[in-house]
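Reading the structure
The chain contents come next:
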Amino acid sequence: MSDKLKDAKIIFVVGGPGSGKGTQCEKVVAKYGYTHLSSGDLLRAEVGSGSERGKQLSAIMQRGELVPLDTVLDMIKEAMIAKADVSKGYLIDGYPREVKQGEEFEKKIGAPSLLLYIDAKAETMVSRLMKRGETSGRADDNEETIKKRLDLYYKATEPVIAFYEGRGIVRKIDSEGAVDVVFSNVAKAIDGLK
Ligand SMILES: Nc1nc2c(ncn2[C@@H]2O[C@H](COP(=O)(O)OP(=O)(O)OP(=O)(O)O)[C@@H](O)[C@H]2O)c(=O)[nH]1
Ligand SMILES: Nc1ccn([C@@H]2O[C@H](COP(=O)(O)OP(=O)(O)O)[C@@H](O)[C@H]2O)c(=O)n1
Ligand SMILES: [Mg+2]
């Protein structure tokens, strides 16, 4: 465990591609002042830098596959440490993607006190992502990659939720409705934290 992050309050935000994780995290930042770290955004920033590592990441992400665990975890940890002195807590969005990622996070950083499970139907997620793809500029917001991201989500990421359910820290949030309705339930889950 890292000293600087020893007592940090950590919330994992998990859900399928396009379920609305980023949308809800923005609202949590506005209301609670938490630090939002989207693993996908961190990776896209590395791709955008044009570095050699970014080029390798870009290819993996375009295929809808997972980048190596250590790469993502190091990026998250670095970003957390950079905010350690001012942060009230962290929203870790889009991580863990598989049980092993969660285990490594806990070894290197710390344990989450809550897992927000943002849940929407597959067809809802696909249609949101197709719509977002019209303007997002994201190379992975296309039909073929969306399908792979979804498949991988059900195979690798859903077991993460079951893993943390065993610890009683999962709060399932139905995200089929309007953004503000979803957020009222997210806020209830966070208010329940002590
Ligand atoms: N109707 C409705 N649309 C939403 C809601 N949340 C998000 N959206 C839309 O769905 C799309 C995806 O939302 P994001 O917040 O980017 O989803 P994400 O889970 O971060 O997706 P990834 O970054 O692909 O993992 C966006 O274009 C949003 O406008 C919601 O609660 N209700
Ligand atoms: N922890 C993570 C997060 C993202 N990624 C990669 O980054 C891509 C985009 O992640 P994201 O969280 O922004 O979006 P979704 O795939 O959840 O819609 C994923 O499809 C993976 O290729 C990863 O490998 N590991
Ligand atoms: Mg996102």
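Residues numbered from 1 in each chain as written. Chains lettered and ligands numbered in written order. Predicted model: local features only at pLDDT ≥ 70, side-chain atom pairs only at ≥ 80, totals over all residues. Heavy atoms only, no water.

Rule in force here: UniProt positions are given in the numbering used here, feature names are shortened, and annotations may be inferred rather than shown by experiment.
Going by what an unreviewed UniProt entry lists, the protein chain is known as Adenylate kinase isoenzyme 1 and is assigned to Synaphobranchus kaupii. Annotation of the protein chain in UniProt includes, under Subcellular location (unreviewed entry), the sentence "Cytoplasm". The UniProt entry for the protein chain carries this comment under Subunit (unreviewed entry): "Monomer."

Looking at the packing of helix α1 (residues 21–32) against helix α8 (residues 179–191)
Filter applied, for reference: Axis definition: a line fitted to C-alpha atoms, limited for helices to the stretch in contact. Angles are taken between N-to-C directions and run from 0 to 180 degrees. Each helix is a run of DSSP H or I of at least 4 residues and each strand a run of E of at least 2, with the numbering of both proceeding from the N terminus. Orientation categories follow fixed angle ranges, with anything under 35 degrees roughly parallel, anything over 145 roughly antiparallel, 65 to 115 roughly perpendicular, and all other angles oblique. Left-handed describes a crossing in which the near helix is turned anticlockwise from the far one by less than a right angle; the clockwise case is right-handed. Two residues form a contact once any of their heavy atoms are found within 4.5 Å. For this scheme, ten residues count as nonpolar: Ala, Val, Leu, Ile, Met, Phe, Trp, Tyr, Cys and Pro. Four count as charged, namely Asp, Glu, Lys and Arg, and the remainder, Gly too, count as polar.
Running from amino to carboxyl end, α1 crosses α8 at an angle of 55°, the nearest separation of the two axes being 10 Å. The orientation of α1 with respect to α8, classified from their angle, is oblique. Where α1 crosses over α8, the handedness of that crossing is right-handed. Side by side, α1 and α8 meet where Thr23, Gln24, Lys27, Val28, Lys31 and Tyr32 of the first sit next to Val179, Asp180, Val182, Phe183, Val186, Ala187, Ile190 and Asp191 of the second. Per-class residue counts for the contact of α1 with α8 are eight nonpolar, two polar and four charged.

Side note on the site of ligand 2
Definition in use: Nearness of a residue to a molecule or strand requires only that one of the residue's heavy atoms be within 4 Å of it. Contacts described as polar in this section are N or O atom pairs within 3.5 Å, which, within protein, must combine one atom able to donate a hydrogen with one able to accept it, while residues neighboring in sequence count only if both atoms come from side chains. The accessible surface values rely on the Shrake-Rupley method and a 1.4 Å probe; as for residues, cover is taken only from the protein chains in view.
What surrounds ligand 2 is a group of 18 residues, the closest being Pro17, Arg44, Glu65, Val67 and Arg149. Between ligand 2 and Ser39 there is a distance of 3.4 Å, counted from a nitrogen atom to a side-chain nitrogen or oxygen. Summarising the interface, the protein chains cover 96% of the accessible area of ligand 2, which totals 510 Å² for the free molecule. No other element matches the four residues that helix α2 (residues 39–48) contributes to the shell around ligand 2. Across the shell around ligand 2, the residue classes break down as seven nonpolar, four polar and seven charged.

Quick word on the pairing of strand β3 (residues 90–93)
Counted only if it meets this: Exposure is judged per residue with a 1.4 Å probe applied to protein chains only, and the accessible area is read against the type maximum: over 50% gives exposed, under 20% gives buried, and values in between give partly exposed. Here, any two strands with at least 2 DSSP bridges between them count as paired.
Side chains Tyr90 and Ile92 project from β3 onto one buried face, and the interleaved Leu91 and Asp93 project onto a second face that is buried too. As defined by bridge partners, strand β2 (residues 35–38) adjoins β3 across four bridges and the pair is classed as parallel. Each bridged residue has a counterpart across the sheet, and for Ser38 the counterpart in β3 is Asp93.

With respect to the packing of aromatic side chains
What counts is decided by this rule: Aromatic contacts are taken between Phe, Tyr and Trp rings whose centres are within 6.5 Å, Trp giving its six-membered ring; a plane angle under 30 degrees counts as stacked, one over 60 as edge-to-face, and the others as tilted. Throughout this description, the term charge over a ring refers to an Arg CZ or Lys NZ atom that lies within 6 Å of the ring centre and within 35 degrees of the ring normal.
Here the structure, examined in full by the defined rule, presents six aromatic pairs. Taken together, a centroid distance of 5.8 Å and an interplanar angle of 75° make the contact between Phe12 and Tyr164 edge-to-face. Placement of the pair is Phe12 in strand β1 (residues 10–15) and Tyr164 in helix α7 (residues 143–165), with a sequence separation of 152 residues. Through a chain of ring-to-ring contacts, the aromatic side chains of Phe12, Tyr95, Phe105, Phe163 and Tyr164 assemble into a single cluster. Here Lys27 stacks its cationic end above the ring of Phe183, 5.5 Å away from the centre of that ring.

A short note on the UniProt feature "binding site: ATP" (unreviewed entry) in the protein chain
Mapped onto this numbering, the UniProt entry gives "binding site: ATP" (unreviewed entry) at Gly18, Ser19, Gly20, Lys21, Gly22, Thr23, Arg132 and Gly177. In this structure, Arg132 sits in helix α6 (residues 122–133). Its relative accessible area of 31% is what places Arg132 among the partly exposed residues. Leaving out residues up to four positions away in the same chain, Arg132 has contacts with Arg138, Asp141 and Arg149.

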